[in-house]
Amino acid sequence: MSLFDLTGRVAIVTGGNGGIGLGMGRGLAEHGAAVVVAARNREKSARAVAELRGLGAQAEAIEVNVDDEASVDALVKATLASFGRLDVLINNAGINIRKPAESLALAEWRQVIDTNLTSAFLASRACHPVMKKQGGGKIINIGSMMSIFGASFAPAYGASKGGIVQLTRAMAAGWAVDNIQVNAVLPGWIDTALTRRARQEVEGLHDRVLARTPAGRWGAPEDLAGIAVFLCSSSSDFVTGTAIPVDGGYAAQG
């Protein structure tokens, strides 16, 4: 069997109806995995499911509130009811509120932390007993360049994405004995709805990113497909606790 063959595997992708999540979902679908698109926007999720099915994959949308414990637990149960197993979790759901720390309300801070970081904890915890019983599994947590670098306009987002890396390491260390590999992917500046909004709100961001990125372009969601396939396949069975930039060389600049 090919090292990158995902036939028979079932993956949940939170925030999987667009951007990086859908880009990763496409990669998994093209390599044989069934994909659960876990998100709130029903219309977007329906379009994503249709696209994934068009690639020949099994796909289903399940509505979820990622920062709600009961909703996340229900997502895992619904996935098992539909597919009978669960092999992969991609914690991709995320938001940003761009304000300096002195202007950020506590409710806004909590909203970002809960959506980006607490959600990854809840989903991973819910998947752990299922994966352990099956003999193993794969978890990918989506970080950011702000897992590495600071940005004055994103204190809560940066804190959440720094936390993602440490959560990844903790779970990787704890769950290796259960044959569950946990890794983080740190996307660079990827052209998504989230970053298009950032370019509207942060003057000069587009040109600064291009100037700093050795590849000379913004990334695209499909640039994340390959790393997702690798980290979800048997080719990465001895890779755990890592935080891998996919950024066109942005982080290499120091």
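About the criteria used
Per chain, residue numbering runs from 1 following the sequence as it is written. Two thresholds apply to this predicted model, a pLDDT of at least 70 for residue-level local features and 80 or more for giving and counting side-chain atom pairs, whereas whole-chain, interface and lining totals are computed over all residues. Side-chain metrics in this entry use all non-hydrogen atoms of the structure; hydrogen atoms and water are not considered. In DSSP terms, a helix is any run of H or I states spanning at least four residues, a strand is any run of E spanning at least two, and both are numbered starting from the N terminus. When two rings of Phe, Tyr or Trp (its six-membered ring) have centres within 6.5 Å they constitute a pair, described as stacked for plane angles under 30 degrees, edge-to-face for angles over 60, and tilted for the intermediate range. Each residue gets one of three labels from its accessible area relative to the maximum for its type: buried under 20%, exposed over 50%, partly exposed in between, using a 1.4 Å probe on protein chains only. Two strands qualify as a pair provided that DSSP identifies no fewer than 2 bridges between them. In what follows, residue pairs with any heavy atoms lying within 4.5 Å of each other are defined as contacts. To get an axis, a line is fitted to the C-alpha atoms, and for a helix only the part in contact is used. The angle between two axes follows their N-to-C directions and goes from 0 to 180 degrees. Crossings are sorted by hand: turned counterclockwise from the far helix by less than a right angle, the near helix makes the crossing left-handed, and turned clockwise it makes it right-handed. Note on residue categories: nonpolar means Ala, Val, Leu, Ile, Met, Phe, Trp, Tyr, Cys or Pro, charged means Asp, Glu, Lys or Arg, and polar means any other residue, Gly included. Only buried residues count toward a nonpolar core. Its members are Ala, Val, Leu, Ile, Met, Phe, Trp, Tyr and Cys residues joined through side-chain atoms within 4.5 Å.

Student: Tell me what's going on with unusual backbone geometry, and back it up with residues and numbers.
Tutor: Most peptide bonds take the trans form, and the phi angle of most residues other than glycine is negative. Even without glycine at this site, Asn179 takes up a positive phi of about 60 degrees. Following the sequence through the fold, Asn179 ends up in the loop between helix H5 (155-175) and strand E6 (180-187).

Student: Got a sec to walk through the packing of aromatic side chains? Specific residues and values, please.
Tutor: Under the criterion given, the structure shown has two aromatic pairs. With 5.9 Å between their ring centres and 75 degrees between their planes, Phe149 and Tyr250 make a pair best called edge-to-face. Taken together, the residues Phe149 in the loop between strand E5 (137-142) and H5 and Tyr250 in the segment after strand E7 (243-246) connect sequence positions 101 residues apart. Relative to Trp218, the ring of Trp189 lies with its centre 5.7 Å away and its plane at 65 degrees, an arrangement referred to as edge-to-face. Of the two residues, Trp189 is situated in the loop between E6 and helix H6 (193-201) and Trp218 in the loop between helix H7 (205-212) and helix H8 (225-232); the sequence distance between them amounts to 29 residues. The same class applies to Trp189 and to Trp218, which are both buried.

Student: Please set out the pairing of strand E1 (residues 10-14) residue by residue, giving values where relevant.
Tutor: Along any regular strand the residues' side chains alternate between the sheet's two faces. Of all the five residues making up E1, five are buried; the element is thus mostly covered by neighbouring parts of the structure. Side chains Val10, Ile12 and Thr14 project from E1 onto one buried face, and the interleaved Ala11 and Val13 project onto a second face that is buried too. As judged from the five bridges shared by E1 and strand E2 (residues 34-39), these two strands associate in the parallel manner. Considered in E2, the bridge of Val13 is made with Val37.

Student: Can you explain the side chain of Asn96? Please cite residues and give values.
Tutor: Following the sequence through the fold, Asn96 ends up in the loop between strand E4 (88-91) and helix H4 (106-134). Setting aside residues up to four positions removed in sequence, Asn96 forms contacts with Ala154, Tyr157 and Leu194.

Student: Requested: an account of the packing of helix H3 (residues 69-83) against H4, with residues and values cited.
Tutor: Orientation of H3 relative to H4, taken along the N-to-C sense of each, is 35 degrees, at an axis distance of 9 Å. Once H3 is placed against H4, the crossing between them reads as right-handed. Mapping the contact onto sequence places Glu69, Val72, Asp73, Val76 and Leu80 in H3 and Leu122, Ala123, Arg125, Ala126, Cys127 and Val130 in H4. Class assignment of the residues belonging to the contact of H3 with H4 gives a composition of eight nonpolar, no polar and three charged.

Student: Talk me through the environment of Leu194; I want residue IDs and the actual numbers.
Tutor: Take Leu194: it is sitting in helix H6. Assessed through its relative accessible area of 24%, Leu194 is described here as partly exposed. Taking the C-alpha atoms as reference points, Leu194 and Asn96, 98 residues apart in sequence, are found 7.9 Å from one another. Setting aside its immediate chain neighbours within four residues, Leu194 contacts Asn96 and Arg98.

Student: How would you explain the nonpolar core if you had to name every residue and give the values?
Tutor: As a rule of thumb, nonpolar side chains are buried together in soluble globular proteins. Core analysis: the largest hydrophobic core is formed by 51 residues, its most contacted members being Ile12, Leu75, Leu89, Ile139, Val182 and Trp189. Contributing elements (two or more residues each) for this core: E1, E2, H3, H4, H5, E6 and H7. With ten residues, H4 is the largest single contributor of residues to this core. For Ile139, the contacting residues outside a window of four places in its chain are Leu89, Asn91, Ser124, Met131, Trp175, Ile180, Gln181, Val182 and Asn183. Grouped together as the second largest cluster of nonpolar side chains are 29 residues, Leu22, Ile140, Ile227 and Val246 included.

Student: Please provide a residue-by-residue account of the side chain of Thr79, values included.
Tutor: By the element assignment, Thr79 lies in helix H3. Exposure remark for Thr79: the relative accessible area of 0% places this residue in the buried category. With residues up to four places along the chain from it excluded, the contact list for Thr79 reads Val10, Ile12, Val36, Ile62, Gly84, Arg85 and Leu86.

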